[in-house]
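What follows is the residue order along each chain.
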Amino acid sequence: MNILDVRDLTIRTADGRVLVDRLSLTIDPGERLGLIGESGSGKSLTTLAVLGLLPDGMTATGSVELAGTQIVGAREKQLTDVRGRDAAIVFQEPLTALDPLMRVGKQIAEPLARRRGLKGAALKRAVTEALEQVRLPEPGRIARAFPHEISGGQRQRVALAMALACDPKLLIADEPTTALDVTVQSEMLDLLDTLVRERDMAVLFVSHDLAVVSKVTDRVLVMKDGHAVEEGDVREIVRAPREEYTRALVASARQLESALDLRSTR
Amino acid sequence: MTPVLDAMTPVLEMSAASFAYRGSAAPVVEDISLKIEAGQSLALVGESGAGKTTLLRLLLGLARPTSGTVRFDGDQLNLRDRRQMRRFRRSVQCVFQDPYSSLDPRRRVGSIVSEPLRSLGVDDRRTAVPKVAEALERVGLPADAAERYPHEFSGGQRQRIAIARATVCDPRVLLADEPVSALDVTTRVKVVDLLSELKEERGLTLVMVSHDLSVVASLCEHTAVLERGRIVEQGDTAQVLGAPVDPYTRCLVESVPRLPA
Amino acid sequence: MTQTDLTAQTQQTPEPKRPAKRSYTLITGCVLAGLIALLALVSLVWLPYASDDTSGGRLTGPAGDHLLGTDKLGRDLFTQLMTGSRIAFEAGLGSVLIAAAVGVTLGVLAAFAQGWLDDTVSAFLDILIAFPTLLLAMLIVAARSASLGSAVLAIGLAQSAVVARLVRVLAKRVLAQDYITAARTSGTSWPRIVAGHVLPNIWPTLVVNLALQFGLAVLAEAGLSYLGLGAPPPNASWGRMLQEAQATFITAPAGALAPGILLVLLVIGVNLIADGLRDALDPAARRRRA
């Protein structure tokens, strides 16, 4: 059975504009899918729809089955059960994803207490473990810190720790490294790769950057203006893109990268 | 096009410049020495907190170094010297990272692009019109763009408007703060191409702050790598990116995500 | 991501032409305030009776010659209402003009202050806001005399602190934008930056706030007149009409009800206009900003 099965997902705004148009995709347990697209392609909206988190006024039609639960039209109660247990999400900007007024440790403790029913010393131990697991140094100090007191890279690790805390079957990562420096991005991608591999977790990885996606996933789906343009093996798509838009995307990425190669070998 | 100056005099030069905020002991940038010679574009590379933006503010004459000097055409830049600053502002223009915050939402594009001409007293609103049209055409925007408002344009087009504004008064140096990092990949390539065209055709010297090494490699002959407010390595871009000596530079180069072969 | 992605979408897809949604708030507000403005305007050229004409007999109640009756001195109530609406508008407009002139100047200057100066200026504005208008009015009346001008001056000064604080915050936000830096690197002088970039960009929010201040000023003037700190007799201000009619409220309610109702209608009208302006100006501003 698929962990995620999206069929003909269509997302409309209140005034009837179609932002995502009959999108279909599936992810098997333990499988990783990359969602590639530029701004306005609808890739982020798709991830929100998977968790039933669409902004007010937007409506989804079609079918989104997450671990057997139908998300489209589900009640908030059902959605709360699904979020965290079946799927968790890491956003692009960790500063806005974390509560600025709550210590980091407490924010991680919340899902742990709720999902695993932990209390007291056991909870504290679980928080430390969660922070260690994302390779944060001095987990004790980080747990006591407020989000603004740690660096952007550390915040994103905290966000990842929170997402992983309940051992979801699917991890959704929406441009998780776009706001990070390139050296930090590289560490973060490696970490994500390792942690997901250890847990045999399925991943939906959203990015505008082909090179970044190719480090984490094998299969990608290219989106443009709400439509699926092309789907397939990431190496295959980079080597021989079939659709015109994908060709333009790959050519652009190649052009920039080739400048780097020219300079460094000259 | 470019006024021919003594070939030996750099257009912009920083010697042992440092900058610290008042009341703060730790300088944001420290002991920076750079030379920007006409036609030799320079990239300032570094990650967040490296002091790139502060360095740019010093080069733009928006802040004064706490120690050391900034020279323009060989003369020390004096923010109080009106005549020198006027010459400086005409010669050195700027493009910003965020094409949304860099254009006044309540002004028409024509008025935005002509601002340098009017503020520097080169032209009035009327005489600026043909120059604005030319500048917009140069960056590949339709002629009627001047009559429209910024919100009618996409991010890439807005960055083109910003470039038109920065080049309308024929500056010699264009300082660019992460000029393409807010743009989509396909748009990014087009704006990089535009900047490279302006370099070639108008002899513009580009000084670019960027964290994106591929963009740096596409546009700049020289590169200086900044780490925590200090330059750790500088020189020919091919040298710095191709055979980095400093461990930090090496880490930076290796971290760039690459497409699968 | 989500946020930027969404704004990018509204940015790039051309806005479909929506059927123009009429702002009923704005229209209702304009009708209410407009009717009273009409009364005030007519009072400038024509009044049913002279304002010191006491020939009507006391507390007659609505009757042939007197549309709403007379007060305890025999003056025509409707005449007083008309004069009162003129005074209300004078008070509102006068105070708002003072508040705008002083407040915007102070606010913009304060926006440029940094470090300790910034802290001092904000503390000063906060103290000014906390200072009761009534006390300020008493001081001004003591220094000058009880007149509409004194009341307007007191209200306007008190409100300019509120406006200054708002302008300071708005202007600071605008000054942090890149287009200000771009203007500076283009050699634009600070006065031109303020006139050409800062003021146009804070304008929509400022106008809405000034409309609200207008309503508050009308209320404040009525309050001061009630206490005898406003326009002296025979100029009938709504506040003084209320005060004079207080004793006879049970026997002749019209004298208190009429100015009370007009006061409420005018303030509601102006507030509706402010709300309507907010709706009319804000989405546009947001779309442009995004």
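Along every chain, residues carry numbers that run from 1 in the direction the sequence is written. Here every chain gets a letter starting at A, and every ligand a number starting at 1, in the order they are written. Per-residue local features are limited, in this predicted model, to residues with pLDDT of at least 70; the limit for side-chain atom pairs, both in listing and counting, is 80 or more; totals at the level of whole chains, interfaces and linings are taken over all residues. Side-chain numbers come from the whole structure's heavy atoms, not from hydrogens or water.

Thoughts on the interface of chain B and chain C
Link 1 in the chain: At the interface, 28 residues of chain B touch 24 residues of chain C.
Link 2 in the chain: Both faces considered, chain B and chain C share a buried interface measuring about 2400 Å² in area, 49% of it formed by carbon and sulfur atoms.
Link 3 in the chain: Two N or O atoms form a polar contact when they lie within 3.5 Å of each other; inside protein one atom must be a possible hydrogen donor and the other a possible acceptor, and for residues adjacent in sequence the pair counts only when both atoms belong to side chains. Taken together, the links from chain B to chain C amount to 11 residue pairs in polar contact (both at pLDDT 80 or more).
Link 4 in the chain: Secondary structure follows DSSP: runs of H or I at least 4 residues long count as helices, runs of E at least 2 residues long count as strands, and numbering of each begins at the N terminus. Elements represented by at least two residues in the side of chain B that touches chain C include exactly strand 6 (92-95), helix 3 (109-119) and helix 5 (155-167) of chain B.
Link 5 in the chain: By residue number, the principal contributor to the side of chain B that touches chain C is helix 3 of chain B, which donates 4 residues.
Link 6 in the chain: Nonpolar residues are Ala, Val, Leu, Ile, Met, Phe, Trp, Tyr, Cys and Pro. Charged residues are Asp, Glu, Lys and Arg, and all others, Gly as well, are polar. When its residues are assigned to classes, the side of chain B that touches chain C shows 11 nonpolar, 7 polar and 10 charged. Any two residues whose heavy atoms approach within 4.5 Å are treated as being in contact. Summed over both partners, the accessible surface that disappears when two parts come together, traced with a 1.4 Å probe, is what is meant by buried area.

Thoughts on the interface of chain B and chain A
Link 1 in the chain: In this assembly, 29 residues from chain B lie in contact with 30 residues from chain A.
Link 2 in the chain: Summing both partners gives a buried area of about 2900 Å² for chain B against chain A, and 60% of it is carried by carbon and sulfur.
Link 3 in the chain: It is B:Arg258, B:Leu259 and B:Pro260 that lose the most area in chain B upon contact with chain A, and together they represent 24% of the buried surface on that side.
Link 4 in the chain: For salt bridges, the criterion is a side-chain nitrogen of Lys or Arg within 4 Å of an Asp or Glu carboxyl oxygen. Our enumeration of links across chain B and chain A arrives at 1 salt bridge.
Link 5 in the chain: Residues A:Glu257 and B:Arg258 are paired through a salt bridge, measuring 3.5 Å at the closest nitrogen-oxygen approach.
Link 6 in the chain: Run the count over chain B and chain A and you get 8 residue pairs in polar contact (both at pLDDT 80 or more).

Points about the pattern of salt bridges
Residue and element names in this part refer to chain A.
Link 1 in the chain: If you walk through the whole model with that rule in mind, you get 38 salt bridges over all chains.
Link 2 in the chain: Between Lys 169 and Asp 86 there is a salt bridge, and its shortest N-O distance comes to 2.7 Å. Taken together, the residues span a long stretch of sequence, with Lys 169 in the loop between helix 7 (152-164) and strand 7 (170-174) and Asp 86 in the loop between helix 2 (76-82) and strand 6 (87-90) at a distance of 83 residues.
Link 3 in the chain: Exposure categories follow from relative accessible area, calculated using a 1.4 Å probe and restricted to protein chains: below 20% of the type maximum is buried, above 50% is exposed, and the middle band is partly exposed. Among the residues examined, Lys 169 registers a relative accessible area of 44% and is labelled partly exposed.

Some words on helix 4 (residues 125-138) of chain B
Residues and elements named next belong to chain B.
Link 1 in the chain: In a regular helix each residue adds 1.5 Å, so 14 residues correspond to 20 Å; helix 4 covers 20 Å between its end C-alpha atoms and thus fits that length.
Link 2 in the chain: By definition, a residue's bend is the angle between the axes fitted to the seven residues ending there and the seven starting there. Within helix 4, the axis deviates most sharply at Lys 131, by approximately 30°.
Link 3 in the chain: Turning to helix 4, its buried residues are Ala 128, Val 132, Ala 135, Leu 136 and Arg 138.
Link 4 in the chain: Looking at the packing, one finds that the buried side of helix 4 touches helix 3, helix 5 and helix 6 (185-202).
Link 5 in the chain: Capping the start of helix 4, Asp 124 holds a side-chain oxygen 3.0 Å from the backbone nitrogen of Arg 126, two or three residues further along.
Link 6 in the chain: Once helix 4 finishes, Gly 140 follows within two positions and takes phi at roughly 80°, a positive value. A helix is expected to span 1.5 Å for every residue after the first.

A word on the packing of helix 3 (residues 77-112) of chain C against helix 8 (residues 190-226) of chain C
All names here are of chain C.
Link 1 in the chain: Inter-axis angles, ranging from 0 to 180 degrees, are taken between N-to-C directions of lines fitted to C-alpha atoms, where helices are fitted over the stretch in contact. Packing of helix 3 against helix 8 brings their axes to within 8 Å, and their N-to-C directions diverge by 145°. Helix 8 is crossed by helix 3, and the crossing has right-handed handedness. Residues Ile 87, Ala 88, Phe 89, Ala 91, Gly 92, Leu 93, Ser 95, Val 96, Ala 100, Val 104, Val 108 and Phe 112 of helix 3 pack against Trp 190, Val 194, Leu 199, Leu 206, Leu 210, Gln 213, Phe 214, Ala 217, Val 218 and Glu 221 of helix 8.
Link 2 in the chain: Its residues assigned to classes, the contact of helix 3 with helix 8 shows 18 nonpolar, 3 polar and 1 charged. Two helices that cross are described as forming a left-handed crossing if the nearer one is turned anticlockwise from the farther one by less than a right angle, and a right-handed crossing if clockwise.

Things to note about the UniProt feature "domain: ABC transmembrane type-1" (unreviewed entry) in chain C
Link 1 in the chain: According to UniProt, the positions carrying the feature "domain: ABC transmembrane type-1" (unreviewed entry) are residues 85-274 of chain C.
Link 2 in the chain: Here residues 85-274 of chain C runs as 83% helix and 0% strand, with 20 Å between its end C-alpha atoms. UniProt positions are given in the numbering used here, feature names are shortened, and annotations may be inferred rather than shown by experiment.

Structural notes on the pairing of strand 6 of chain A
Residues and elements named next belong to chain A.
Link 1 in the chain: What you see with strand 6 is no split at all: Ala 87 and Ile 89 on one side and Ala 88 and Val 90 on the other are buried throughout.
Link 2 in the chain: Judged from the 4 bridges that link them, strand 6 and strand 7 form a sheet pairing that is parallel. From the neighbouring strand, Val 90 faces strand 7, where its bridge partner is Ala 173. A pair of strands is labelled paired if DSSP reports no fewer than 2 bridges between them.

Focus on the packing of aromatic side chains
All names here are of chain B.
Link 1 in the chain: Geometry of aromatic contacts follows a simple scheme: Phe, Tyr and Trp rings, the Trp one being its six-membered ring, pair when their centres are within 6.5 Å, and the pair is stacked under 30 degrees between planes, edge-to-face over 60, tilted otherwise. Throughout the structure, instances matching the rule amount to 4 aromatic pairs over all chains.
Link 2 in the chain: When the centroid spacing of 5.2 Å and the interplanar angle of 85° are considered together, the rings of Phe 19 and Tyr 21 count as edge-to-face.
Link 3 in the chain: Ring geometry for Phe 72 and Phe 88: centres 5.0 Å apart, planes at 85°, overall edge-to-face. One end of the pair, Phe 72, is in strand 4 (residues 67-72); the other, Phe 88, is in helix 2 (residues 82-91), and 16 residues separate them in sequence. Both residues of the pair, Phe 72 and Phe 88, belong to the buried class.

Points about the sheet that holds strand 3 (residues 42-45) of chain B
Residues and elements named next belong to chain B.
Link 1 in the chain: Strand order in the open sheet formed by 6 strands is 6-7-8-3-9-10, and the pairing between neighbours is mixed. Edge positions in the sheet fall to strand 6 and strand 10 (230-236), since each has one partner strand and no second. Strand after strand, the sheet turns through a mean of 15° between neighbouring axes, direction not considered.
Link 2 in the chain: As paired strands, strand 3 and strand 8 (residues 205-210) are joined by 4 bridges and run parallel to one another. Opposite Val 45, over in strand 8, you have Ser 210 as the bridge partner.
Link 3 in the chain: On top of the sheet, helix 2 reaches strand 6 and strand 7 (173-177); it is set at about 50° to strand 6, its chief contact.

Thoughts on the sheet that holds strand 10 (residues 227-233) of chain A
All names here are of chain A.
Link 1 in the chain: Taken in spatial order, the 6 strands make up an open sheet running 6-7-8-3-9-10, and their pairing is mixed. Looking at which strands have only one partner, the edges of the open sheet turn out to be strand 6 and strand 10. Averaged over all neighbouring strand pairs, the angle between strand axes comes to 15°, with direction disregarded.
Link 2 in the chain: Where strand 3 (residues 32-36) and strand 9 (residues 219-224) come together, 4 bridges link them in parallel fashion. Pairing of Leu 33 across the sheet is with Arg 219, part of strand 9.
Link 3 in the chain: Contacts from helix 7 reach strand 6 and strand 7, with the element oriented near 175° to strand 6.

So, unusual backbone geometry
Link 1 in the chain: Phi angles above zero are rare outside glycine, and A:Asp8 is one such case at about 50°.
Link 2 in the chain: For A:Asp8, the position within the fold is in strand 1 (residues 4-12).
Link 3 in the chain: Of the residues examined, A:Asp8 reaches a relative accessible area of 45% and is grouped as partly exposed.
Link 4 in the chain: Even without a glycine there, the phi angle at B:Asp31 is positive, about 50°.
Link 5 in the chain: Position of B:Asp31 relative to the elements: it lies in strand 2 (residues 29-36).

Quick word on the pairing of strand 10 of chain B
Residues and elements named next belong to chain B.
Link 1 in the chain: Relative to strand 10, strand 9 (residues 222-227) runs antiparallel, the two being bridged by 6 bridges. If you follow Thr 223 over to strand 10, its bridge partner there is Gly 235.
Link 2 in the chain: The antiparallel hairpin formed by strand 9 and strand 10 contains 2 residues in its connecting segment, where Arg 228 sits at a positive phi of about 45°.

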